[in-house]
Amino acid sequence: MNLYLNKISTIFLLLILFIQTVSAAGIVKLKCEHLVNPIGIDNPNPRLSWMMEDDRKGAVQRAYRIIVGTDSLQLKSKMNVQWVSDKVNAGNSLITYKGSALMPFTKYFWRVEVLDKDNKLVLSKISSFETGMMGSENWRGTWISDGRDINTRQAPYFRRTFEPKKEIKLARAYIVASGLYELYLNGEKVGNHRLDPMYTRFDRRNLYVTYDVTTNLNKGKNAVGVVLGNGWYNHQAMAVWNFDKAPWRARPAFCMDLRITYTDGTTETITSGSDWKTSFGPIISNNIYTAEHYDARLEQNGWNKVEFDDTKWRGISLRAAPSKNIVSQTMHPIRNVEEIKVKSLRKFDDTTYLYDLGRNIAGVSKIKVSGKNGTIIKLKHAERLNANGRADLSNIDVYYRPTNNTDPFQTDIFILNGDGEEEFMPLFNYKGFQYVEVTTSQPVKLEEKNLVAYFMHSDVPATGKISSSNPLIDKIWWATNNSYLSNLFGFPTDCPQREKNGWTGDGHFAIETGLYNFDALTVYEKWLGDHRDEQQPNGVLPDIIPTGGWGYGTANGTDWTSTIAIIPWNIYMFYGDTKALADNYKNIKQYVNYVNNISKDGLTTFGRGDWVPVKSTSNLEYTSSVYFYVDADILAKTAKLFNNQNDFLVYSALAKKIKKAINYKYFDAEKVSYGTGVQTELSMALQWNIVEDQYRLKLAENLAKRVAADGMHIDVGVLGAKAVLNALSDNGQAETAYKLAAQDTYPGWGWWIVNGATTLHENWDMQATRDISDNHMMFGEIGGWFFKGLGGIKIDEKQPGFKNILLQPNFVEGLEHFTASHESLYGTILSSWKRNKNGLKYDVKIPANSTASLDIPEVSGKKVYLDRKVVSHKQELSAGSYAFEIK
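Remember, predicted model here, so these are calculated numbers, not experimental data.

**A short note on the overall build of the protein chain**
From N to C terminus, the protein chain includes 17 helices and 47 strands. The C-alpha atoms of the protein chain give 29 Å as radius of gyration, which agrees with the globular expectation for 887 residues (29 Å, within 12%). The principal-axis extent of the C-alpha atoms belonging to the protein chain is close to 85 × 80 × 65 Å. Per-residue burial over the protein chain gives 62% buried out of 887 residues. Nonlocal contacts in the protein chain, meaning residues at least 24 apart in sequence, comprise 74% of its contacts between residues at least 6 apart. When the accessible surface of the protein chain is totalled, it reaches about 34,300 Å², and 49% of it is carbon and sulfur. The positive charge centre, built from 103 side chains, and the negative charge centre, built from 97, are 4 Å apart in the protein chain.

**Section: the sheet that holds strand β16 (residues 222-229)**
Strand order in the open sheet formed by 6 strands is β14-β13-β16-β11-β19-β22, and the pairing between neighbours is antiparallel. Strands with a single pairing partner mark the edges of an open sheet, and in this sheet they are β14 (188-189) and β22 (314-315). As paired strands, strand β13 (residues 180-185) and β16 are joined by 6 bridges and run antiparallel to one another. Bridging across to β16, Leu 180 finds its partner in Gly 229.

**Section: the environment of Gly 789**
Positionally, Gly 789 belongs in helix α17 (residues 782-790). Along the sequence, Gly 789 and Glu 735 sit 54 residues apart, while their C-alpha atoms lie 10.0 Å from each other. For Gly 789, the residues in contact, after removing those within four places along its chain, are Ser 729 and Asn 810.

**Topic: the pairing of strand β35 (residues 464-468)**
Side-chain direction in a regular strand flips from residue to residue, so the side chains alternate between the two faces of the sheet. Only one face of β35 is covered, namely the face carrying Gly 464, Ile 466 and Ser 468; the face carrying Lys 465 and Ser 467 is uncovered. Two strands pair when backbone bridges link them, and β35 and strand β40 (residues 817-824) are joined in this way by 5 bridges, in the antiparallel orientation. In the sheet register, Gly 464 faces β40, and the bridge partner there is His 822.

**Thoughts on helix α8 (residues 563-575)**
Structural remark: α-helix, 3.6 residues per turn; residues separated by three or four positions point the same way. Counted at 1.5 Å a residue, the expected span for α8 with its 13 residues is 18 Å, and the 17 Å between its end C-alpha atoms agrees. Of all 13 residues that make up α8, 13 are buried, and the element is covered over most of its length. Two residues or fewer past α8, Gly 576 is found with a positive phi of approximately 65°.

**Regarding the sheet that holds strand β47 (residues 880-886)**
Read from one edge to the other, the open sheet built from 7 strands follows the order β35-β40-β41-β42-β47-β44-β45, with strand pairing classed as antiparallel. The outermost strands of the open sheet, each flanked by one partner alone, are β35 and β45 (869-871). Going from strand to strand, the sheet's axes swing by 20° on average, the running direction of each strand aside.

**Comments concerning the pattern of salt bridges**
One pass over the full model with this rule turns up 57 salt bridges. Of the charged contacts, one joins Arg 359 and Glu 338 as a salt bridge, the two residues approaching to 3.1 Å between their closest N and O atoms. With Arg 359 in strand β27 (residues 352-369) and Glu 338 in strand β25 (residues 334-341), this residue pair connects regions lying 21 residues apart in the sequence. In this structure Arg 359 comes out as buried when scored by relative accessible area, which is 10%. For Asp 715, the salt bridge goes to Lys 615, with nearest N and O atoms at 3.5 Å. You can see Asp 715 sitting in the loop between α13 (693-709) and α14 (718-729) and its partner Lys 615 sitting in the loop between α9 (579-597) and α10 (620-641), a full 100 residues away along the chain. On the basis of relative accessibility, which here comes to 1%, the residue Asp 715 falls in the buried class. The exposure class of Lys 615 is exposed, given its relative accessible area of 55%.

**Looking at the nonpolar core**
One finds Phe 414, Val 438, Tyr 674, Trp 749, Phe 786, Tyr 842 and Phe 884 to be the most contacted residues of the largest nonpolar core, which totals 207 residues. Top contributing element to this core by residue count: α10, with 11 residues.

**Describing unusual backbone geometry**
Note that the residue after Asp 196, namely Pro 197, is joined by a cis bond; omega there is -10°. Mapped onto the fold, Pro 197 is located in the loop between β14 and β15 (206-212). Following Ile 545, the chain continues to Pro 546 via a peptide bond in cis, the omega torsion being 0°. Inspection of the secondary structure puts Pro 546 in the loop between α6 (521-534) and α7 (558-561). Phi is positive for Glu 33, close to 55°, though the residue is something other than glycine. For Glu 33, the position within the fold is in the loop between β1 (26-32) and β2 (39-41). Its identity is not glycine, yet Lys 500 carries a phi of approximately 65°, on the positive side. With respect to the helices and strands, Lys 500 occurs in the loop between α3 (471-486) and α4 (504-509). Taking relative accessible area as the criterion, Lys 500 reaches 1% and is therefore assigned buried.

**Details of α17**
Burial analysis of α17 places 9 of its 9 residues in the buried class, which makes it a mostly covered element. The complete set of buried residues in α17 reads Ile 782, Gly 783, Gly 784, Trp 785, Phe 786, Phe 787, Lys 788, Gly 789 and Leu 790. The positive-phi residue at the C-terminal boundary of α17 is Gly 792, with phi of around 75°.

What counts and what doesn't
- Residues numbered from 1 in each chain as written.
- Predicted model: local features only at pLDDT ≥ 70, side-chain atom pairs only at ≥ 80, totals over all residues.
- Heavy atoms only, no water.
- Helix = DSSP H or I, 4+ residues; strand = E, 2+ residues; numbered from the N terminus.
- Rg over C-alpha atoms; globule rule 2.2 N^0.38 Å.
- Buried < 20%, exposed > 50% of the residue type's maximum accessible area, 1.4 Å probe, protein only.
- Contact = heavy atoms within 4.5 Å.
- Areas by Shrake-Rupley, 256 points an atom, 1.4 Å probe, with all protein chains shown as cover.
- Lys, Arg positive; Asp, Glu negative; His and termini not counted.
- Charge placed at Lys NZ, Arg CZ, Asp CG, Glu CD.
- Pairing = 2+ DSSP bridges.
- Expected span 1.5 Å × (residues − 1).
- Axes fitted to C-alpha atoms, helices over the stretch in contact; angles between N-to-C directions.
- Salt bridge = Lys/Arg side-chain N within 4 Å of Asp/Glu carboxyl O.
- Core = buried A, V, L, I, M, F, W, Y, C linked by side-chain atoms within 4.5 Å.

Rendered as structure tokens:
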């Protein structure tokens, strides 16, 4: 009997221990500057963040302490470390380093200690970050080029050999280029990035990239090779944007320090300089805007290896740095993220083939082919086909102004050397396409397996997901994300084919979609740096950023260049991170002051208006003034956040003045309408809080009536597309919002999908004669609306970063179930509802260290149950999982 009881006791104890192990808190996802174990950090006060993993109800972080040091073993004892913070009794999980000054080229280890809800100590694993140059004075290399002029089409190749003196402990390559580069050590490409460095205003800021090259080096002699591409730096193609006239334009150049640390603690730096050699190679032309030409007959095999004979190579030219501001590229890089196999192949004849990927992407194609020496292969990349089934570029080559026929648009040229199967993939270009038409100067045999494509984009981690009972909704969300990623190349662009421009309006229209679905903060912070570089002393911004000078016109107004205020504010809302607001505060102020100076009585006409509407136009003064209010309001709230009382009073008064002026001139209190009463004008007043609260619900009702009068279809351009769904679903008209979102006839997002679109288009009319890119992001707010309008996952402005979540789901007719999840800084938020025979089940998950204010829609004749008890439809929830029933 005792033996039996002992066994039971043992089992019970093990069960208790198991439960404790499963439920105990953990500290995970440690990041520095929002990156995992980054190297090359320049920020002297980097941001450190972590996530609490604890599924228990009410899980919370009661206190934290940070320990940072140069020796991971010292973190446990806290002796001789760089920084031990005070014990902070707070739930913060994003803090700024405040220890002793960080040193360049140094690896720092760190961990966090947390007290959980039971005041038990929880230790994270050890993470790390490594500093980079931390100042231009630490560079040892010299900028070098091949000395050719800007019209030289061939790409320059560079090489040198070196021999480490001692046993290597670790090695880092720091490289910066004006243009683009590919770096090689001993014949192998270093890293898997594409199109480094990211595009900036080259004469004001240059980005360097850090690589861990310890395993790339050999004992004895080593060879380093670099090949340079033009990128946006030496724009040789002619187009309406005038990048060929950019003030920075020159032959590409680079600077590199390869810093080796030996096991005895000494260091040696291999630098770019006069001891390098240069030559041409097989890349005979490259253009970020058009394509790349590659002549395999000019290959110099082994050019980046030690044993290569470079006696015929020439000396390099020394160059001045393009700018004195060389800073670390601290962001998610561009990569070949997804390999896409061909869906079908059509053969027209022995020299003409058409590959169909089955979806529209941004990126490159790679071909493997055998043929005779000198065979010219052209790979034309297109979004559309002509009636005869051939590639059609007429919708995307409209702004190209070629001076001759030597550089066709989106058409790679590959010349074979005839030596067996050959492979080509461009290094310094990307395109927007679904089809690849291959034409050859001599017959070749091609099959589906001969070509693959790579979806290229900034490799930002996915953070959001939706699924529903309506396949059309899921396809719209998927297509929206495809367009978003297709237009994320170190900065958000408008389209990946026709322009590749950083249109400011497209950028802020899509900001919530981007941040609900992806961890894209690092890309936006880089782009905001581009804004600061481009802003004129009087506060004006161009409407494409970066720019070579185009875009400082009369239409680059508030509806577009409000990016300077809207994007930092949204970063703060999604992450609770104030750095973007702090970095850009003066710039926002300059911008608002400029608009105020050119505006009369609180109203402005500075803007482009509701671009590409279905049919109804909106008043430009009204729409531009609404964004003027948005900017002034953000500036006032930011001033309050930073305890700048004087600015808070000044810009709060300005915001009130603008709102009053808009309402005085454009609001009809009797009709409860704005302007001429079109969808954009009504929805913008709701979206941006122009309308007074007493009229809000009636205005939303009138908007719903207007939508019904428009045949339950949208009638908006870009400004209305940002506002209309939110304006409806946030104000009691979710059913109408859903009908708009799910509409599968013209015009609407679903209309594109049922007609075969896999990305969002530039025009509601698929047969329009202009503005007809098939991969555009300016109508992309719907991808964020799914999380807000159906899942109800919203930001609490008083506790941003989802510290407190506003949960306001809408159980719309026409959907049997809907699930949205978003991984915030605190963890995964889940909002999932499903109909059943009794009513509806609603599942919620609130991550540890976070809370939620829940507002379940009231359903006539039904009550809300939690744990079989009737509860209020409004709840304040602590962390944990909840299963509500509405029956």
